[in-house]
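Geometric and topological summary
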Amino acid sequence: MLPQETDRLLLRPFKTADFDEMHHILSDAKTMQFWPAPFSEEATRDWVENNISRYADDGCGRMAIVQKQTGVLVGHCGIARIEVNGVLENDLGYIVHHAFWNRGYASEAAAAHLDFGLRDLHLGRVIANMPVSHCASRRVAEKIGMLYAGEFLNPRNRMIPTCLYAATQPPA
C-alpha cells in the first residue's frame, strides 16, 4: 500500500483532475530553476499520466503532496523506476512549489516515501539525484538519512554536475 499521510500532509496518488494544480507547480520558473526548463502543458500532462501508470506497473510513483489543513496541493514526492547515470534505479524525487519552501514539507514527504520503499516494497536501494548546486534538495536527502554516493554529469539535465545520494535496506 502506498504511503498515505504524515503529521501535516496527505500523500496520495495523482488523478487526471490534478493537472491544473500540478501544471501551476511544474511550469513555475522559480520552482523549476534546477530543471532544464519549466514544463509545458503537454509535458505536465504526460508527467501526470506517466505517474498514474507507474502505480499499477511498479507499485509506486510520484504522488501528490497535499496540506492536510488546507487541502492545497503543494508538490509531489515519490519513488520512480528511472535510469540515473546509466543504471535503472529506484529514484526518490521531490518538488515543492516555492511558495511552500522552508516548511519541511519535502523532508516530511521524502522520509515517508523512503521508509515505504525500503520497508514495504523491500527495495534494496533508493537513490536521489539533484544538481550539485541545489543545496536545499541535498539537505533533504541528508536529513532523511541518505548518504552521499558521488557525482556525475547528468545527460537528462544539460550535462550539469549532479549529486547522487543513496539509502539501502537495513540488514535483517
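Structural notes, computed from the coordinates. Keep in mind that this is a model prediction, so the values were computed, not measured.

1. With respect to the pairing of strand β5 (residues 125-131)
Of all 7 residues in β5, 5 are buried, a share of seventy percent or more. For β5 and strand β7 (residues 160-168), the ladder comprises 7 bridges, and the chain directions are antiparallel. Across the sheet, the residue bridging to Ala128 is Tyr165, located in β7.

2. Quick notes on helix α1 (residues 19-26)
Side chains of residues three or four places apart in an α-helix project in the same direction, reflecting 3.6 residues per turn. Those residues of α1 not exposed but buried are Phe19, Met22, His23, Ile25 and Leu26. For α1, the angular spread of buried residues about the axis comes to 160°, placing them on one side. Residues Asp20 and His24 are exposed on α1 and point more than 90 degrees away from its buried face. Here the buried face of α1 lies against α2 (41-58), β3 (73-84) and β4 (87-96).

3. Remarks on the pattern of salt bridges
As enumerated under the stated definition, the model contains 6 salt bridges in all. Notably, a salt bridge pairs Arg125 with Glu89, separated by 3.1 Å at the nearest N-O pair. Separated by 36 residues along the polypeptide, Arg125 in strand β5 and Glu89 in strand β4 bring together distant segments of the chain. The class of Arg125 is partly exposed, set by a relative accessible area of 30%. Given the relative accessible area of 9%, Glu89 is considered buried. Across the pair Arg119 and Asp115 runs a salt bridge whose closest N-O atoms are separated by 2.4 Å. One end of the pair, Arg119, and the other, Asp115, are both in helix α3 (residues 105-120), 4 residues apart, so they sit about a helical turn from each other.

4. Examining the environment of Cys60
The topology assignment puts Cys60 in the loop between α2 and β2 (62-67). In the structure, Cys60 is positioned 40 residues away from Asp20 in sequence and 22 Å away in space, judged by C-alpha atoms.

5. Focus on the nonpolar core
If you look at the biggest cluster of nonpolar residues, it comprises 44 residues, and the most contacted ones within it are Leu92, Tyr94 and Met146. Ranked by residue count, the leading element in this core is α3, at 8 residues. In this structure Tyr94 touches His76, Cys77, Ala106, Ala110, Ala128, Met130, Ser137, Val140 and Ala141, once residues within four positions along its chain are discounted.

6. Some thoughts on the packing of α1 against α2
Running from N to C, α1 and α2 point in directions that differ by 120°, and their axes come no closer than 10 Å. The angle between the axes of α1 and α2 places the two elements in the oblique class. Read as a crossing pair, α1 and α2 show a hand that is right-handed. Together, Phe19, Met22, His23 and Leu26 of α1 and Glu41, Thr44, Arg45, Trp47 and Val48 of α2 make up the contact between the two elements.

7. Notes on the side chain of Glu108
Here Glu108 lies in helix α3. On the basis of relative accessible area, Glu108 is assigned to the buried category, the value being 18%.

8. A word on the side chain of Asp28
Along the chain, Asp28 falls in the loop between α1 and α2. In this structure, Asp28 is buried with no salt-bridge partner, the nearest side chain bearing the opposite charge being Lys30 at 7.6 Å. A polar contact is formed between the side chain of Asp28 and the backbone nitrogen of Lys30, at a distance of 3.3 Å. Only 2.8 Å separates the side chain of Asp28 from the backbone nitrogen of Thr31, close enough to count as a polar contact. With sequence-adjacent residues up to four places away left out, Asp28 is seen in contact with Pro38, His97 and His98.

What counts and how
- Residues numbered from 1 in each chain as written.
- Predicted model: local features only at pLDDT ≥ 70, side-chain atom pairs only at ≥ 80, totals over all residues.
- Heavy atoms only, no water.
- Buried < 20%, exposed > 50% of the residue type's maximum accessible area, 1.4 Å probe, protein only.
- Helix = DSSP H or I, 4+ residues; strand = E, 2+ residues; numbered from the N terminus.
- Pairing = 2+ DSSP bridges.
- Arc of directions from axis to C-beta.
- Contact = heavy atoms within 4.5 Å.
- Salt bridge = Lys/Arg side-chain N within 4 Å of Asp/Glu carboxyl O.
- Core = buried A, V, L, I, M, F, W, Y, C linked by side-chain atoms within 4.5 Å.
- Axes fitted to C-alpha atoms, helices over the stretch in contact; angles between N-to-C directions.
- Parallel < 35°, antiparallel > 145°, perpendicular 65-115°, else oblique.
- Left-handed = near helix turned anticlockwise from the far one by under 90°.
- Lys, Arg positive; Asp, Glu negative; His and termini not counted.
- Polar contact = N/O pair within 3.5 Å; in protein donor to acceptor, adjacent residues only side chain to side chain.

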